[in-house]
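# What the coordinates show
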Amino acid sequence: MEIPQNECIVLAARPSGLPEAACWRLECRDVPPVIPGQVLVEVDTISIDPAMRAWMDEFCYLGCVELNQPMWAFGIGRVVDSASPDFEPGDTVRGLLGVQRYSLIAGDELETLEISDEPHSWHLGIFGMPGLTGYFGMTDLVQPRPGQQVLVSTAAGAVGSVVAQLAKRAGARVVGIAGGTDKNRFCLDELGLDACVDYKAANYEQNLAAALPDGVDIYFDNVGVPTLDMALRLMNECGTVIACGAINQFQHMDRVEGPTEYLKIPERKLSFLGFTCFHYLERFHEGVTALRALVERGELVFKEDIAIGLANFPEHFLKQFTGQNQGKLILKP
Ligand SMILES: NC(=O)c1ccc[n+]([C@@H]2O[C@H](COP(=O)([O-])OP(=O)(O)OC[C@H]3O[C@@H](n4cnc5c(N)ncnc54)[C@H](OP(=O)(O)O)[C@@H]3O)[C@@H](O)[C@H]2O)c1
């Protein structure tokens, strides 16, 4: 079959802080022939996630993107050529396909997706990594009880909104943290949270304390310090802090800061639990089934922020660090 040239976004330079435009280059490259074991995928939906910022550094725990190579990203696409016994042209697949139009990838790094009528993007968002992170965080790692006080940061975002809604369904009193009036309104009016605090407004810490007069039993941390320190000061005895992410630290990954309120952990007999959704890889099917049932009943709200065109990647990517994204960031090449 004849394959047009591949268009891709390559990592041109490693960033210091948030990536500037000079970190990226849009290139056209020949697609090499498919060799045994490989699959050629035409990418139709690309996921943009905070973790991608870590993959740009040389010392990321998962390994890193090589300079002048296509930027890594999870994505979904259609098999157009296969030299793997597990895939055939026409299959819909998901994997680390990269920020590009065509991905030549080992078959054992791909999974076949069973998709009904829903958009592919849902399998990168609500039924993908963020949705499953929220699901397993709130159903397995901790199980909020009626009357408990649950605090969630990035509450309007892809992970946080799932966490907040599941905690609410479990009967907890849920307080979100989000940036700006619109996102605070979204959390109150559409996610149904009991209170929401704007971390970008004046008197943030006082407002947080005022929204949590009975303290915090479970804090789901997506941002790291200084919010993590504020939450630790509000934690109730025997409370639980979930370390899910630290988006406030992504700008200086070489010197990630921990909490200065560290001693609240022993003083208040707190549990500090860390996890990634990949610790639940073998239970993803169960998670998707549960999330799908909620979505089908209209009991789980989620938003997507979709851009079109690889050239828009640099700008779209930055939105997650400035809060300009309105839901799960997706790029259609
Ligand atoms: N452990 C895991 O397996 C796992 C999996 C997926 C994601 N995560 C983590 O979960 C967190 C949220 O990811 P997501 O994919 O759901 O993204 P998201 O919440 O949809 O987008 C990121 C949001 O983070 C907020 N933000 C950015 N910089 C911030 C800062 N300095 N302080 C406070 N808030 C800030 C912004 O919200 P506002 O508009 O409210 O400012 C922004 O919209 C990240 O820390 C990510 O690394 C962990």
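Above this text is the structure in question.
Below or above, wherever it landed, is the structure these notes cover.

Calculation rules
- Residues numbered from 1 in each chain as written.
- Predicted model: local features only at pLDDT ≥ 70, side-chain atom pairs only at ≥ 80, totals over all residues.
- Heavy atoms only, no water.
- Helix = DSSP H or I, 4+ residues; strand = E, 2+ residues; numbered from the N terminus.
- Buried < 20%, exposed > 50% of the residue type's maximum accessible area, 1.4 Å probe, protein only.
- Polar contact = N/O pair within 3.5 Å; in protein donor to acceptor, adjacent residues only side chain to side chain.
- Contact = heavy atoms within 4.5 Å.
- Pairing = 2+ DSSP bridges.
- Axes fitted to C-alpha atoms, helices over the stretch in contact; angles between N-to-C directions.
- Left-handed = near helix turned anticlockwise from the far one by under 90°.
- Nonpolar A, V, L, I, M, F, W, Y, C, P; charged D, E, K, R; others polar.
- Near = heavy atom within 4 Å.
- Areas by Shrake-Rupley, 256 points an atom, 1.4 Å probe, with all protein chains shown as cover.

On to the side chain of His316, then. Structurally, His316 can be placed in helix α9 (residues 313-322). What makes His316 buried here is its relative accessible area of 2%. Of note is the side chain of His316, whose polar atom sits 3.5 Å from the backbone nitrogen of Ala307. Ignoring anything within four residues of it in the chain, the contact list for His316 reads Ile48, Asp305, Ile306, Ala307, Leu329 and Ile330.

Our next topic: the sheet that holds strand β10 (residues 195-198). The strand order β10-β9-β8-β11-β12-β13 describes an open sheet built from 6 strands, whose pairing is parallel. Edge positions in the sheet fall to β10 and β13 (271-274), since each has one partner strand and no second. Mean inter-strand twist for the sheet, computed between neighbouring axes without regard to direction, equals 15 degrees. When strand β8 (residues 149-152) meets strand β11 (residues 216-221), the two strands line up parallel, connected through 3 bridges. Looking across to β11, one finds that Leu151 is bridged to Tyr219. On top of the sheet, helix α5 (residues 204-211) reaches β8, β9 (173-178) and β10; it is set at about 170 degrees to β10, its chief contact.

Attention shifts here to the packing of α5 against helix α6 (residues 227-234). Relative to each other, α5 and α6 sit at 35 degrees, their axes nearing to 11 Å. For the crossing formed where α5 meets α6, the hand is right-handed. Residues Tyr204, Glu205, Leu208 and Ala209 of α5 form the contact with α6, whose own contacting residues are Thr227, Met230, Arg233 and Leu234. Among the residues making up the contact of α5 with α6, the classes are represented as 5 nonpolar, 1 polar and 2 charged.

Time to look at the side chain of Glu27. Along the chain, Glu27 turns up in strand β2 (residues 24-29). Other than its neighbours up to four places away in sequence, Glu27 contacts Asn6, Glu7, Cys8 and Val10.

Right, let's talk about the site of the ligand for a bit. Around the ligand, a shell composed of 26 residues is seen, among which Gly179, Lys183, Tyr199, Asn248 and Asn325 lie nearest. Separating an oxygen atom of the ligand from a backbone N or O atom of Ala158 is a distance of 3.0 Å. Between an oxygen atom of the ligand and a main-chain N or O atom of Cys277, the distance comes to 2.8 Å. Protein burial of the ligand: of its 910 Å² of free accessible surface, 91% is covered by the chains. Listed by contribution, the elements that provide at least two residues to the shell around the ligand are α3 (158-169) and α9. Grouping the constituent residues of the shell around the ligand by class yields 13 nonpolar, 11 polar and 2 charged.

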